[in-house]
Each structure stands twice: as C-alpha cells, then as structure tokens.
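A structural walkthrough
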Amino acid sequence: MSKYMNPFNKQDPDRYAIWEMLVKRDIEAFASNDWEAVAGDFIEGGFMGIDARYSGNPDSWHLSFPDLESYRQFWIDQSAGFAATDWEDDPREKLIGATTLRDIDISGDSALAHKKFDGAIKKKDGRTDLLNWQTLYRCRKVDGEWKITGFTGFLPHPVVNAPAAKPAIELPDNASQHITAGPYSPVLKINPGQIIVISGQAALNQAGETTGSTIEEQAKVTLDNCRTCLESAGSSLDEVFKVNVYLKDIGDWPRFNEVYKDYFKKPLPVRAVVEAGLLYDFLVEIEMWAVKN
C-alpha cells in the first residue's frame, strides 16, 4: 500500500508545509469528499483558477474559476463523482502513487508549486481513468501558514511546444447578414478539439419545479441551466457555436432576445427559433452545441 512520503524534511519547514497541504491534505479530503478539511487552505480574496485544458498553448486556456466559490463547487462535484465510482483499484492508493511535488519555488512569502500527476485508476467496468496532467499552484504565507491563492491546472504532462492554435470559433471575414438581424451570427467556422452537446434545457430548479412565470424569468433560468451543463463538461457559454430555441409563443421572441443577448460574446452563436408545443408550463426550451478545445 502506498504511503505518503514527503520529500522535504522539517529542516525545510516551508516546502514541507506546502507539500503537506497540496498532496496529503488534498488527497485525503478529495477521496473522502470533505471540502471542509481543505477550506482553510485557500485565500478567497483575489482567488483565480485557470483551466489549461491539457494544452501547452495559452491561447486555449480558460478562466473556468474566476473566484473560490466556483472552484469549490467544481471540487465538490468532482469529489462526489469520484467517491461514487465503483473502482477496481484502491483509488486513494492510486492517487498517492500518481502524485509528485518536488519543485517548489519560494521568494519571501510567495511560492509557486509544480504538482504533477502520472498514473491511472481502473474501474470495475473495465474502463481506466488516466491521471496525466500538472498544476501550478500560487501560494502565499499568511500569519505563518501557507495558503493557495490560485492555480493554472490541467496542463499537459509533460508540456510540449505547441503550434499556434486556430480560434475554436471564427466568424468568416466575408460573412454578412441583414441589418435587422438579432443577436446571432449568420455563419461560423468551427475548429473543435471536442464537441459538447446538451439536451434541451428549461426553467426547472433542482427539485424539478418550473421557475418563473414570464418569458424573461424563464429565459434567465433556462440559460443559467445551459451554462451549468456546459461547465460540467469543461466548456462554457463563450464556446457555444449553435443554439436552437423553442418558444411556446413566437410573440415572446423580442422579449426573449433582451435576456439572451447578455449571455454571449462575439462571435455570437448561430441560432434557430421555432414555435413549439412545450411540456408542462414551459415558455421556452433551449439546446446548445459547444466546443471544448
């Protein structure tokens, strides 16, 4: 059985403490689905987490965690999924064996820690989850304790020089549309790494209850639900290239657009809208296609 082997001794107390925080404490909390065990290891003010998406090209990186709360929810969801998985191997042992943290740069009360993962965990259904990435943690010493201020994670391991990446979504130079067009693009060029597709979303809360009685209220809840689905797959509204909108009453189209236009940046997704008989008391249903580069 693998044991924790801190490569730093207590004669180097700063690196020893950082290793204990980023390896031992992190693995134990994650494997036990216990965020509270590590909640005190973060500095909330100014926290920022970048998802490199396994790419060595910074053009492909994404600000997936603009604050600690967004990362906390991601961590909890990932940990819960990990705990619920039927593993063939001992998952805690495999995490310990796959994790390396030997390079820690310290200058005064600031530190940069290079944490690497290289291993695999086998599931009982025969599939294998590869653990092959690295994370750069930015840390700061506060009142004698080392804390995490942010990170750049899911970097490839090892990092290789990558050619310049094309934008995942491009508006062709000669694209044009009529002057009365709404918040959408007429055509887009897609250079995907992966395609993310979500089922039709509606204004439902987690209890399965319809939220909102106006088109504006339901549009907001529905778009927020779309965002949540995309983020669970490592994508975002910024990477959506195709949207299908189903309205119970096509007369709600202008009011729907007033809400919709605030959710996307250019190039805007291509889009279609139809009037449809929707389930229950839904006023709108939306499905999306996105990339994950």
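Higher on the page you've got the structure.
1. Some details on the overall build of the chain
What the chain contains, in helices and strands, is 5 helices and 12 strands. Across the 293 residues in the chain, those meeting the buried criterion constitute 40%. Look at the contacts in the chain between residues 6 or more apart in sequence, and 65% of them connect residues 24 or more apart. Summed over its atoms, the accessible surface of the chain is roughly 15,900 Å², and 49% of this surface lies on carbon and sulfur atoms.

2. As for a nonpolar patch on the surface
Together, Ile195, Val197 and Trp289 make up a nonpolar patch on the protein surface, roughly 270 Å² of accessible area in all. Take Ile195: it is sitting in strand 9 (residues 194-201). Note on Ile195: relative accessible area 39%, which makes it partly exposed.

3. Points about the state of the cysteines
Scanning all chains against the criterion turns up 0 disulfides. The structure places no disulfide on Cys226, whose sulfur is separated from the nearest cysteine sulfur, that of Cys229, by 6.7 Å.

4. Brief notes about the sheet that holds strand 10 (residues 240-247)
The 4 strands lie next to each other as 9-12-10-11, forming an open sheet whose pairing is mixed. The outermost strands of the open sheet, each flanked by one partner alone, are strand 9 and strand 11 (270-275). Averaged over all adjacent pairs, the angle separating strand axes in this sheet is 10 degrees, with direction ignored. Here strand 10 pairs with strand 12 (residues 284-292) via 7 bridges, running antiparallel. Bridging across to strand 12, Val245 finds its partner in Ile286. Helix 4 (residues 215-232) rests against strand 9, strand 10 and strand 12 of the sheet, and its axis sits at about 30 degrees to strand 12. In the packing of helix 5 (residues 253-260) onto the sheet, contacts are made with strand 10, strand 11 and strand 12, and the angle to strand 11 comes to roughly 145 degrees.

Procedures and definitions
- Residues numbered from 1 in each chain as written.
- Predicted model: local features only at pLDDT ≥ 70, side-chain atom pairs only at ≥ 80, totals over all residues.
- Heavy atoms only, no water.
- Helix = DSSP H or I, 4+ residues; strand = E, 2+ residues; numbered from the N terminus.
- Buried < 20%, exposed > 50% of the residue type's maximum accessible area, 1.4 Å probe, protein only.
- Contact = heavy atoms within 4.5 Å.
- Areas by Shrake-Rupley, 256 points an atom, 1.4 Å probe, with all protein chains shown as cover.
- Patch = residues over 30% accessible without salt bridge, like charges linked within 9 Å, V, L, I, M, F, W, Y side chains within 5 Å.
- Salt bridge = Lys/Arg side-chain N within 4 Å of Asp/Glu carboxyl O.
- Disulfide = S-S within 2.5 Å.
- Pairing = 2+ DSSP bridges.
- Axes fitted to C-alpha atoms, helices over the stretch in contact; angles between N-to-C directions.

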